Amino acid sequence: MNRIGKTLLFLVVVLAVPAAAQQPDDEPVSSWDGVFTEAQAKRGQVAYTGPCGWCHGRRLNGAPDDPDAAPSPPLARAKFLRNWYGKSLAALFVYTKATMPESNPGSLTDQEYIDIIAYMLSVSGMPTGEHELPPDPMELARTLIQPKPVESK
């Protein structure tokens, strides 16, 4: 898929998935509300090492493991959170599944994609919870990626 196709897909996902999935009585959930489990993030770490780490780096910072490769977008921490601020996990899931790995989009299972997203959230410092993220865009649409909440004194 070329750059224009990826951009169009991204816009469709970001604009359409959350609007279609949220019902009026669904309260948004923050990505900081313990929306994945530790076991899911660990599975995501294992799944990440092959198809993702080569381009995005083992630290998920966009510095590829191959010194001859061009940098990629970061998949964790502040810059990732700024890039995805206000978007839903459904948008991230659908976009990732449709475009990654770049050489073979859609080649992982839905479970592997969502486990990798849990790993990305974990590396970004988000807390674990009691329930796993489901590989279902309709359910993921109400969970928004947000910056770390400021603790009140």
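Before reading on, note that the structure itself is shown above.
What counts and what doesn't
- Residues numbered from 1 in each chain as written.
- Predicted model: local features only at pLDDT ≥ 70, side-chain atom pairs only at ≥ 80, totals over all residues.
- Heavy atoms only, no water.
- Helix = DSSP H or I, 4+ residues; strand = E, 2+ residues; numbered from the N terminus.
- Contact = heavy atoms within 4.5 Å.
- Areas by Shrake-Rupley, 256 points an atom, 1.4 Å probe, with all protein chains shown as cover.
- Buried < 20%, exposed > 50% of the residue type's maximum accessible area, 1.4 Å probe, protein only.
- Core = buried A, V, L, I, M, F, W, Y, C linked by side-chain atoms within 4.5 Å.
- Axes fitted to C-alpha atoms, helices over the stretch in contact; angles between N-to-C directions.
- Parallel < 35°, antiparallel > 145°, perpendicular 65-115°, else oblique.
- Nonpolar A, V, L, I, M, F, W, Y, C, P; charged D, E, K, R; others polar.
- Disulfide = S-S within 2.5 Å.
- Arc of directions from axis to C-beta.
- Phe/Tyr/Trp six-rings, centres within 6.5 Å; stacked < 30°, edge-to-face > 60°.

**Student:** Help me understand the overall build of the protein in this model?
**Tutor:** Looking only at helices and strands, the protein has seven helices and two strands in total. Along the protein, helices (α) and strands (β) appear in the sequence α-β-α-α-α-α-α-α-β when read from the amino end. The long-range fraction of contacts in the protein, counting pairs at least 24 apart against all pairs at least 6 apart in sequence, stands at 70%. Counting every atom, the protein has about 8,800 Å² of accessible surface; 56% of that belongs to carbon and sulfur.

**Student:** I tried to follow the environment of Asp26 on my own but got confused; where do I start?
**Tutor:** Note that Asp26 resides in the loop between helix H1 (3-21) and strand S1 (29-30). By relative accessible area, Asp26 is classed as partly exposed at 27%.

**Student:** Explain the nonpolar core here, please?
**Tutor:** Among soluble globular proteins, nonpolar side chains are generally buried collectively. If you look at the biggest cluster of nonpolar residues, it comprises 34 residues, and the most contacted ones within it are Phe36, Leu89, Leu92, Ile117, Met120, Leu121 and Leu133. Those elements giving two or more residues to this core turn out to be helix H2 (38-49), helix H4 (77-84), helix H5 (89-99) and helix H6 (110-123). Among the elements that make up this core, the one with the highest residue count is H6 (eight residues). Once residues lying within four places of it in the same chain are set aside, the contact partners of Leu92 are Phe80, Trp84, Ile117, Met120 and Ile145.

**Student:** Just to check I follow, could you spell out the packing of H2 against H6 for this structure?
**Tutor:** The geometry of a pair of packed helices is captured by two quantities: the angle between their axes and the separation between those axes. The interhelical angle for the contact between H2 and H6, taken along N-to-C directions, is 105 degrees, at an axis separation of 7 Å. Here H2 lies roughly perpendicular to H6, going by the angle between them. Contacts from Gln40, Ala41, Arg43, Gly44, Gln45, Ala47 and Tyr48 of H2 reach H6 at Gln111, Glu112, Ile114, Asp115, Ile116, Ala118, Tyr119 and Ser122. Across the contact of H2 with H6, the residue classes break down as seven nonpolar, five polar and three charged.

**Student:** Please clarify how the state of the cysteines should be interpreted in this entry.
**Tutor:** Working definition of a disulfide: a covalent bond connecting the sulfur atoms of two cysteines. For the structure shown, the criterion picks out zero disulfides. No disulfide involves Cys52; its sulfur sits 8.8 Å from the nearest other cysteine sulfur, which is in Cys55.

**Student:** How should I be thinking about H4 in this particular structure?
**Tutor:** The periodicity of an α-helix, 3.6 residues per turn, causes residues three or four places apart in sequence to face the same way. The complete set of buried residues in H4 reads Phe80, Leu81 and Trp84. Across the axial projection of H4, the buried residues extend over an arc of 100 degrees, all falling on one side.

**Student:** Mind showing me how you'd approach unusual backbone geometry here?
**Tutor:** It is generally the case that most residues other than glycine have a negative phi and that most peptide bonds are trans. In this structure, the amide linkage connecting Met100 to the following residue, Pro101, adopts the cis form with an omega of -10 degrees. Within the element layout of this structure, Pro101 appears in the loop between H5 and H6. Even without a glycine there, the phi angle at Leu60 is positive, about 60 degrees. Looking at the element boundaries, Leu60 is found in the loop between helix H3 (53-56) and H4. Judged by relative accessible area, Leu60 falls into the buried class, the value being 1%. You will see that Arg77, though not glycine, has its phi angle at about 70 degrees, which is positive. Checked against the element boundaries, Arg77 lands in helix H4. A residue is classified by how much of its surface remains accessible, and Arg77, at 36% relative accessible area, is partly exposed.

**Student:** How should the packing of aromatic side chains be read in this particular structure?
**Tutor:** The geometry of two aromatic rings is summed up by the distance between their centres and the angle between their planes. Counting across every chain of the model gives two aromatic pairs. With a centroid separation of 5.9 Å and 55 degrees between ring planes, the pair formed by Trp84 and Tyr95 is classed as tilted. Separated by 11 residues along the polypeptide, Trp84 in helix H4 and Tyr95 in helix H5 bring together distant segments of the chain.

**Student:** What is the right way to read the environment of Leu144 from this model?
**Tutor:** With respect to the helices and strands, Leu144 occurs in strand S2 (residues 143-144). Overall, Leu144 belongs to the buried group, its relative accessible area being 17%. Residues Leu144 and Val29, 115 residues apart in the sequence, show an inter-C-alpha distance of 6.1 Å. For Leu144, the residues in contact, after removing those within four places along its chain, are Pro28, Val29, Ser30, Ser31, Gly86, Lys87 and Ser88.

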